[in-house]
Amino acid sequence: RKIFQGLIMADDGPGKPALNLMFDAMAETGAMPPKTLIVGDTSLDIMMGKAAGAQAIGVGCGYQTVDEFAESGAAAIAATHEDLSAILADFQP
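It should be emphasised that the depicted structure is a prediction, and the values quoted were computed from it without experimental measurement.

Q: Lay out the overall build of the protein with the relevant residues and their values.
A: Each helix and strand counted, the protein has 4 helices and 3 strands in total. Its helices and strands in sequence order give the protein the pattern α-β-α-β-α-β-α, from N to C terminus. In terms of C-alpha radius of gyration, the protein reaches 12 Å, essentially the compact-globule figure of 12 Å for 93 residues. Each of the three principal axes of the protein carries a C-alpha extent, and together these read 30 × 25 × 20 Å. For the protein, contacts bridging at least 24 residues in sequence account for 35% of all contacts bridging at least 6.

Q: How would you explain the pairing of strand 2 (residues 55-59) if you had to name every residue and give the values?
A: Summarising burial for strand 2: 4 of the 5 residues are buried, a large majority. Note: strand 1 (residues 37-40) against strand 2, 4 bridges, orientation parallel. In the strand pairing of strand 2, Gly40 is matched with Gly58. Taken together, strand 1, helix 2 (residues 43-51) and strand 2 form a β-α-β motif whose crossover is right-handed. In the sheet, strand 2 pairs with strand 3 (residues 76-78) via 3 bridges, with the strands oriented parallel. Counted as the bridge partner of Gly58 is Ile77 from strand 3. Read from strand 2 through helix 3 (residues 66-72) to strand 3, the crossover connection turns out right-handed.

Q: An account of the nonpolar core is needed here, citing residue identities and associated values.
A: Considering soluble globular proteins, one finds that nonpolar side chains tend to be buried as a cluster. Listed in full, the 11 residues of the largest apolar core are Leu21, Met22, Met26, Ile38, Ile46, Met48, Ala52, Ala54, Ala56, Phe69 and Ala74. Of all the secondary structure elements, the ones that give two or more residues to this core are helix 1 (20-29) and helix 2. Among the elements that line this core, the one with the most residues is helix 1, at 3 residues. Discounting residues that sit within four places of it in the chain, Met26 has contacts with Ala31, Met32, Pro33, Thr36 and Ala52. Within the second largest apolar cluster, 5 residues are counted, among which are Ile57, Val59, Leu84 and Leu88.

What counts and how
Residues numbered from 1 in each chain as written. Predicted model: local features only at pLDDT ≥ 70, side-chain atom pairs only at ≥ 80, totals over all residues. Heavy atoms only, no water. Helix = DSSP H or I, 4+ residues; strand = E, 2+ residues; numbered from the N terminus. Rg over C-alpha atoms; globule rule 2.2 N^0.38 Å. Contact = heavy atoms within 4.5 Å. Buried < 20%, exposed > 50% of the residue type's maximum accessible area, 1.4 Å probe, protein only. Pairing = 2+ DSSP bridges. Right-handed = clockwise from strand over helix to strand, strands pointing away. Core = buried A, V, L, I, M, F, W, Y, C linked by side-chain atoms within 4.5 Å.

These figures capture arrangement, not role.
What follows is the structure, encoded as structure tokens:
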């Protein structure tokens, strides 16, 4: 919770990869796309974030593999929760 400024879920709007969820989250926090980071557990999250102009991180310990995230164009891929912590610590918007 110290790192994340918002949490938007599929119930909050049209499903992914529709951009509504990303735009709602950015409006809620006042963030601009280049300074926004989405952390997702599916390639749909990555596609949505990239289409909205945000940076997208895949979490390969969820629903999809590291290879699937690489194919979707994730800026970085966390194979473990520890990897995600390190990626988030290095994030510079």
